[in-house]
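Coordinates in review
Chain by chain, the residues:
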Amino acid sequence: MKTKKIKISVSLLTFLMISVYSSIIAQAINISSNRYTSYKTIFHDNGELMIAQKFIDNEIVQQESYYSDGVLKERFGIVNNKSHGVGVLYFPSGNVQEKYRFNNGKLIGDHIKYYTNKNLRFIRTYNNKETLSETGTWFYPFDGSVSTRFYYDKNGEIHGVHIEYPKDKYGNSLSVVKTYFDQGNEISEIQYNHNKKQS
């Protein structure tokens, strides 16, 4: 009985390993669904994995890249040769550096960056509206408070109010600076000290 089970398992999934220059392609053929899954791997000079790509029916669906010490560097999905779905970029330490989402090659939703201490560094939101298509916020690394807020229009030009929250070297708030833009052109700037408008 054990021998028959092994034979059936092997007949359902066949593995073919092919060496191609510095990369290796592994093909797994699922006979029951007629789907062909293959993997292409490329290695660093030191032998550590550098890139791993997954294909279904000869179309790439996922890619992973690695640092030279084998730590995962980035992972993202691919559809029709375009970035698609959630992607994650990592620091060499293994901590998350960036998170993002693509829809058919276009960034959507929140693009988030982190400092090495795991505090938020930056959030940029792509909302695909006609006028204010992107909003962004920068954060200070030491306390996680907001340093800058801004908006972009669909053409990538700064639009609307751009707000800065400067601090001194001790982390004390100094003022609030609001700059107004119209499609990349600065209209006016107003500075507030302790919530009072400066003339």
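Heads up: the structure comes first, above all this text.
Our subject in this report is the structure included herewith.

Here is what the cut-offs are and how they apply
Residues numbered from 1 in each chain as written. Predicted model: local features only at pLDDT ≥ 70, side-chain atom pairs only at ≥ 80, totals over all residues. Heavy atoms only, no water. Phe/Tyr/Trp six-rings, centres within 6.5 Å; stacked < 30°, edge-to-face > 60°. Helix = DSSP H or I, 4+ residues; strand = E, 2+ residues; numbered from the N terminus. Buried < 20%, exposed > 50% of the residue type's maximum accessible area, 1.4 Å probe, protein only. Core = buried A, V, L, I, M, F, W, Y, C linked by side-chain atoms within 4.5 Å. Contact = heavy atoms within 4.5 Å. Pairing = 2+ DSSP bridges. Salt bridge = Lys/Arg side-chain N within 4 Å of Asp/Glu carboxyl O.

A few words on the packing of aromatic side chains. Evaluated as defined, the whole model comprises 5 aromatic pairs. The interplanar angle of 40 degrees and the centroid separation of 4.4 Å between the aromatic rings of phenylalanine 122 and tryptophan 138 together place this pair among those described as tilted. Residue phenylalanine 122 is located in strand β11 (residues 120–126), and its partner tryptophan 138 is located in strand β12 (residues 132–139); the two are separated by 16 residues in the primary sequence. By relative accessible area, phenylalanine 122 is classed as buried at 5%. Following the ring pairs from residue to residue traces out a cluster consisting of Phe122, Trp138, Phe150 and Tyr152.

Let us now look at the nonpolar core. Counting residues in hydrophobic clusters, the biggest one holds 6 residues: Phe55, Ile60, Phe76, Ile78, Tyr100 and Phe102. Those elements that place two or more of their residues in this core are β6 (72–79) and β8 (96–103). Beyond its immediate sequence surroundings of up to four residues, phenylalanine 55 is in contact with Tyr36, Thr37, Ser38, Lys40, Ile60 and Val61. Counting 5 residues, the second largest nonpolar core, distinct from the first, contains Ala52, Tyr66, Leu72 and Val88.

Once that is clear, we can look at the pairing of strand β7 (residues 82–90). In this structure, β6 lies alongside β7, joined through 5 bridges in antiparallel fashion. Residue pairing for β7: glycine 77 is matched across the bridge by histidine 84. The hairpin formed by β6 and β7 contains 2 residues between the paired strands, and asparagine 80 there has a positive phi angle of roughly 55 degrees. Inspection of the sheet shows β7 paired to β8 by 6 bridges, in the antiparallel sense. Looking across to β8, one finds that leucine 89 is bridged to glutamate 98. Where β7 hands over to β8, the hairpin turn is made up of 5 residues, of which glycine 94 adopts a positive phi near 100 degrees.

Let us now look at the pattern of salt bridges. The tally for this structure, following the rule as stated, stands at 2 salt bridges. Taking the shortest distance from any N to any O, the salt bridge between arginine 75 and glutamate 64 comes out at 2.7 Å. Taken together, the residues span a long stretch of sequence, with arginine 75 in strand β6 and glutamate 64 in strand β5 (residues 59–66) at a distance of 11 residues. The class of arginine 75 is partly exposed, set by a relative accessible area of 33%. Measuring nitrogen to oxygen at the nearest pair gives 2.8 Å for the salt bridge that ties aspartate 143 to lysine 167.

The subject of this paragraph is the environment of asparagine 95. Checked against the element boundaries, asparagine 95 lands in the loop between β7 and β8. With a relative accessible area of 23%, asparagine 95 lands in the partly exposed category. Asparagine 95 sits 22 residues away from lysine 73 along the chain, and the two C-alpha atoms are 9.8 Å apart.

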